[in-house]
Amino acid sequence: MARRAGRAAVRGGRKVLSIVGAPLLGTAGFIAAWWTAVAALEIAPYLVPSPPAVVAAFGRLPGYLLQNAWVTLVEALTGFGLAIATAVLVGAALATSRGLERALYPMLLVLSAIPKPALAPLLLAIGGFGQGPKVVLVWLMCFFPVVLATSAGLTSTPAELAELARTLSASRWATFVKFRLPAALPQIFVGLKTALPLAVIGAVVAELFGAVAGLGFVIQTAGTDAALAFAAVALLGTMSVTLFYALTAVQRRIAPWIPHTTA
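Residue positions within a chain follow its written sequence, with the count starting from 1. Side-chain atom pairs in this predicted model are given and counted only at pLDDT of 80 or more, local residue features only at pLDDT of at least 70, and totals for whole chains, interfaces and linings cover all residues. Note that water and hydrogens are dropped before the side-chain values are worked out from all heavy atoms of the structure.

*Asks:* So what about helix α5 (residues 120-127)? Which residues, and what values?
*Replies:* For α5, the full list of buried residues reads Ala-120, Leu-123 and Leu-124. For α5, the angular spread of buried residues about the axis comes to 100 degrees, placing them on one side. Every exposed residue of α5 that faces more than 90 degrees away from the buried side is listed here: Ala-125 and Ile-126. The helix and strand labels rest on DSSP assignments: H or I over at least four residues marks a helix, E over at least two residues marks a strand, and numbering proceeds from the N terminus. Phi for Gly-128, located one or two positions after α5, is positive at around 85 degrees. For every residue, the accessible area obtained with a 1.4 Å probe (protein chains only) is divided by the maximum for its type, and the residue is called buried under 20%, exposed over 50%, and partly exposed between those limits. What the arc measures is the spread of directions leading from the helix axis to the C-beta atoms.

Here it is as structure tokens:
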């Protein structure tokens, strides 16, 4: 028993090392390559600062950067949450009604083809420099990927599950909740993971066009302080990675069967 427990502990330690160590090793390699390139090419610090300069910039203004990071995070999560709430409902409606899909899908394609950053000045002109226009732009950026993933997932229920629902004489609602929605969750989460980075991008793009706070505002007003701008970019990257892994944890909590039922 003790030997078996020891083997399990070793396997668990290796798994943790693989999960944590590999990303840290990749990050360290990227920072080393960046540092080496800056030193070897003798790039001016006001163009591309070295990693120590970026760390020093964060040390100079930690409260300022974190306060603005919180503003961007709230904008991104608010717009992303609204996109989930509306896009899942629209995707479910499209999946359950072929007529509605034929009527609305072309318009959704047109809306998805519009470059969303081009709408930022218009949204700011209408809503001002507050958080409202930023949330709307985030919602626009995230809406279509989630709609598409939800609709595709709900219309690709495995035939054996549909046959099982008919065999059990399940109602339409029971079939949707017990069979179609669980089967669609892998694709829905793919859509959510695709849309999540777009939420951060949408918030920053809107802030670059006009804002009084946020990491996009920090980058825009940094001027020749490239280290401060790079510190804001590093915070944006950290934010995106953290949110992605948080969403992955939610997926494992809500649908723990996905890794065991997919290749």
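Now that the structure is up, let's keep going.
*Asks:* Tell me about a nonpolar patch on the surface, and name the residues and values.
*Replies:* A residue counts toward a patch only above 30% relative accessible area and without a salt bridge, and it is joined to like-charged neighbours within 9 Å or, for Val, Leu, Ile, Met, Phe, Trp and Tyr, to nonpolar neighbours within 5 Å. Per-residue accessibility takes into account occlusion by the displayed protein chains alone, with areas from the Shrake-Rupley method and a 1.4 Å probe. Salt bridges are defined by distance alone: a side-chain nitrogen of Lys or Arg within 4 Å of a carboxyl oxygen of Asp or Glu. Where nonpolar side chains cluster on the molecular surface, the patch consists of Met-107, Val-110, Leu-111 and Ile-114 and spans about 350 Å² of accessible area. Residue placement: Leu-111 occurs in helix α4 (residues 98-113). Accessibility expressed as a relative area gives 45% for Leu-111, which makes it partly exposed.

*Asks:* Before we move on, could you go through the pattern of salt bridges and cite the residues and values that matter?
*Replies:* Tallying each qualifying case throughout the model produces one salt bridge. When the shortest N-O distance is used, the salt bridge between Asp-225 and Arg-60 registers 3.2 Å. Of this pair, Asp-225 sits in the loop between α9 (215-221) and α10 (226-254) while Arg-60 sits in helix α2 (residues 51-60), placing them 165 residues apart in sequence. Under the relative-accessibility criterion, Asp-225 is labelled partly exposed at 23%. Since its relative accessible area comes to 48%, Arg-60 is described here as partly exposed.

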